[in-house]
Amino acid sequence: MKNLSIFATAALAGAISAGCQSPPSRAERPQGELFAARDAENAGRASDFNVLMGGFIQRAHDKTTVTKAGNPKPPTLDLLIVSGGGDWGAFGAGVLKGWGRVKGDMARPSFDVVTGVSTGALIAPFAFLGDDASIERVVNIYRHPREGLVKSRGLVFFLPNNPSFYTLPGLEDEMREKLDRPLLERIVAESGNGRSLLVNTTNIDLGEMRAWDVVAETKGALAANDPQRVYSVLLASAGIPAIFPAREIGQYLYVDGAITGNILYGGRAKEEDSFFARWRAAYPKVTPPRLRYWVIFNNQFRFPPQMTQERWPDLMSRATIMSTQTSTTNSIRHLYALAEVARLKYGVEVQVRVMSVPDSFVPSKPGSFVAEVMNELADIGEQMGADPASWRTEAP
């Protein structure tokens, strides 16, 4: 969410909570048990990562083989990374739509991997499907925000016995309608072919990030006739703490993925576990395909300066925005550095391209989830997405 002044109210809630505590609704667990649970989660994720990477390498090898058989295009792996940004996700949705008008080597590809965080997690499934009709669905969510998309819990929304300041009835309905069962079945159809759809959340209980394999989650959810689990994962990624509801999935409570990583790009993997290291181990005499990272940053690298009043709500609001923006910028710089290391160490072609909201953009109206502003951002995204020159190739 771009305008985060409501975060300031959290301090008031904390002050009130001292005299207004309600019994916890979730059962306590000994900390030793939680440490053991975190170790088990880490082991499980390492195993899942190996499965995903194995499928990805096989897909890359298949592409290389097809190219040798006479395909004139160079073998290429395309990874789309969509950041958080709240209602500014309208920009990213617009980029994807405008990108559909580009031809040639810079045309919108069928992505091998799509990752999303927060609002990017809501966009990611539609980008993964990749056809114009699916992308138009997510564009409409941002261009035509339905009534009740975000709803306050009332005059005493800040009281500590409330799980969040706002509920998301409209957004929950939008996800069920726009990402309906036929689209979920199309996601499941990609199971086993090496394509990946991943979204980041934050496990607030265990104190660490949790990336979800949405293809596997969707497959399991439909088999159990419980698509709500998929929506819970996506909405958890967008669950700004205290502002929007957290989501309890299994034994744990999950909130906004942007807390632990506003873009999901594999930056925490050890070098020996990287794609190129594993490729060299598996196919030491075969040149790997070129790798292209496409990053949509639903924010500005440097947002417009403003005179900030010396009041804690104003200071807290702007500082919160700056912290997320700065951490994302640093993550993008890290991605560029990783690409350079891969080029130098493995002699491979790695491209990183980034598109962001122009630094000069100033919303026409204050507030969050304002339809006029969301349409302005979608317009800018479409215009930029349709122009290949809008992609920056140097680190910010």
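Parameters and conventions
Residues numbered from 1 in each chain as written. Predicted model: local features only at pLDDT ≥ 70, side-chain atom pairs only at ≥ 80, totals over all residues. Heavy atoms only, no water. Helix = DSSP H or I, 4+ residues; strand = E, 2+ residues; numbered from the N terminus. Buried < 20%, exposed > 50% of the residue type's maximum accessible area, 1.4 Å probe, protein only. Contact = heavy atoms within 4.5 Å. Areas by Shrake-Rupley, 256 points an atom, 1.4 Å probe, with all protein chains shown as cover. Pairing = 2+ DSSP bridges. Salt bridge = Lys/Arg side-chain N within 4 Å of Asp/Glu carboxyl O. Right-handed = clockwise from strand over helix to strand, strands pointing away. Phe/Tyr/Trp six-rings, centres within 6.5 Å; stacked < 30°, edge-to-face > 60°. Lys NZ or Arg CZ within 6 Å of the ring centre and 35° of its normal. Core = buried A, V, L, I, M, F, W, Y, C linked by side-chain atoms within 4.5 Å. pLDDT = per-residue confidence, 0-100. 1 Å grid on protein atoms, 1.4 Å probe; cavity = no way out; pocket = protein on both sides within 12 Å on 5 of 7 lines; lining within 4 Å. Points joined across faces, edges and corners; volume = space filled by probe spheres on them. Nonpolar A, V, L, I, M, F, W, Y, C, P; charged D, E, K, R; others polar. Polar contact = N/O pair within 3.5 Å; in protein donor to acceptor, adjacent residues only side chain to side chain. Axes fitted to C-alpha atoms, helices over the stretch in contact; angles between N-to-C directions. Parallel < 35°, antiparallel > 145°, perpendicular 65-115°, else oblique. Left-handed = near helix turned anticlockwise from the far one by under 90°.

Student: Can you tell me about the overall build of the protein, naming the residues and giving the values?
Tutor: Per the secondary structure count, the protein includes twelve helices and ten strands. Every one of the 396 residues in the protein was classed for burial, and the buried ones make up 49%. Within the protein, counting contacts between residues at least 6 apart in sequence, those at least 24 apart form 75% of the total. A total accessible area of about 18,200 Å² is found for the protein, and carbon and sulfur atoms account for 55% of it.

Student: Would you mind going over the pairing of strand β6 (residues 208–213) in detail, with residue names and values included?
Tutor: The side chains of a regular strand alternate, first on one face of the sheet and then on the other. Across six bridges, strand β5 (residues 196–203) lies against β6 in antiparallel orientation. When the sheet's bridge partners are listed, Thr 202 is paired in β6 with Met 209. Here β5 folds back onto β6 in antiparallel fashion, the turn holding four residues, of which Gly 207 has a positive phi close to 75°.

Student: Which residues make up the pattern of salt bridges, and what are the values?
Tutor: One pass over the structure, following the stated rule, counts 33 salt bridges. Each of Lys 97, Arg 101, Glu 136, Arg 143, Asp 379 and Glu 382 takes part in one network of salt bridges that share partners.

Student: Requested: an account of the pairing of strand β10 (residues 350–356), with residues and values cited.
Tutor: β10 sits mainly inside the fold: seven of its seven residues count as buried. The side-chain alternation of β10 yields two buried faces, one formed by Val 350, Val 352, Val 354 and Ser 356 and the other by Gln 351, Arg 353 and Met 355. One ladder, built from seven bridges, connects strand β9 (residues 290–297) with β10; its direction is parallel. When the sheet's bridge partners are listed, Phe 297 is paired in β10 with Ser 356. For the segment spanning β9, helix α11 (residues 312–346) and β10, crossover handedness is right-handed.

Student: Can you explain the environment of Gly 385? Please cite residues and give values.
Tutor: Checked against the element boundaries, Gly 385 lands in helix α12 (residues 371–385). Separated by 290 residues in the primary sequence, Gly 385 and Val 95 have C-alpha atoms spaced 4.2 Å apart. If near-sequence neighbours (up to four positions away) are discounted, Gly 385 is found in contact with Val 95, Gly 98, Trp 99, Val 102 and Met 355.

Student: Can you break down the packing of aromatic side chains residue by residue, with the values?
Tutor: Under the counting rule described, the total for this entry stands at 13 aromatic pairs. Aromatic side chains Phe 56 and Phe 275 sit 5.2 Å apart centroid to centroid with 55° between the ring planes, which places their arrangement in the tilted category. Of the two residues, Phe 56 sits in helix α2 (residues 31–68) while Phe 275 sits in helix α10 (residues 275–282), which places them 219 residues apart along the sequence. Judged by relative accessible area, which is 7%, Phe 275 ranks as buried. Members of the aromatic cluster, joined through ring pairs, are Phe 56, Phe 275, Phe 276, Trp 279, Tyr 283 and Tyr 346. The ring of Phe 128 has Arg 195 sitting right over it, with the charged end atom 4.0 Å from the ring centre. Cation over ring: Arg 210 sits above Trp 212, and NZ or CZ is 3.7 Å from the ring centre.

Student: Kindly report on the nonpolar core, identifying the contributing residues and their values.
Tutor: Core analysis: the biggest nonpolar cluster contains 70 residues, and Leu 80, Phe 91, Tyr 142 and Leu 179 have the highest contact counts within it. The contacts of Tyr 142, once residues within four sequence positions are left out, are Gly 86, Asp 87, Gly 89, Ala 90, Ala 93, Thr 119, Leu 122, Ile 123 and Met 374. Grouped together as the second largest cluster of nonpolar side chains are 29 residues, Met 53, Leu 79, Ala 339 and Val 350 included.

Student: Help me get a handle on the confidence of the model for the protein, residues and values and all.
Tutor: Mean pLDDT over the protein works out to 88, with 89% of the residues at or above the 70 mark. For the stretch residues 1–21, pLDDT sits under 50, and the model shows 48 contacts to residues farther than four places along the chain or on other chains.

Student: Any details on empty space enclosed by the protein? Residues and values, ideally.
Tutor: For the coordinates displayed, the defined rule picks out one cavity of 30 Å³ or more. Every residue lining the largest cavity is counted, 16 residues in all, and those nearest its centre are Gly 86, Thr 119, Leu 122, Leu 171 and Phe 369. Elements that contribute at least two residues to the lining of the largest cavity include exactly α4 (119–129) and α5 (132–143). Among the residues making up the lining of the largest cavity, the classes are represented as twelve nonpolar, three polar and one charged.

Student: So, the side chain of Asp 87: which residues are in play, and what are the values?
Tutor: With respect to the element layout, Asp 87 can be found in the loop between β1 (76–82) and α3 (89–99). Residue class for Asp 87 comes out buried when judged on its relative accessible area of 3%. Polar side-chain contacts of Asp 87 include one of 2.7 Å to the backbone nitrogen of Phe 369.

Student: Quick one: what's the story with the packing of α3 against α4, residue by residue and with numbers?
Tutor: Taken N-terminus to C-terminus, the directions of α3 and α4 make an angle of 20°; their axes are 9 Å apart at the nearest point. One way to sum up the angle between α3 and α4 is to call them roughly parallel. The hand of the α3/α4 crossing is right-handed. Contacts between α3 and α4 involve Gly 89, Gly 92, Ala 93 and Leu 96 from the former and Thr 119, Ile 123 and Ala 127 from the latter. Looking at side-chain class alone, the contact of α3 with α4 contains four nonpolar, three polar and no charged residues.

Student: Provide a residue-level description of unusual backbone geometry, including the pertinent values.
Tutor: One non-glycine residue, Ser 118, lies in positive phi territory at about 60°. Mapped onto the fold, Ser 118 is located in the loop between β2 (113–117) and α4. Judged by relative accessible area, which is 5%, Ser 118 ranks as buried. A positive phi angle, near 55°, is found at Asn 225, a position not held by glycine. Relative to the helices and strands, Asn 225 is located in the loop between α8 (214–223) and α9 (228–237).

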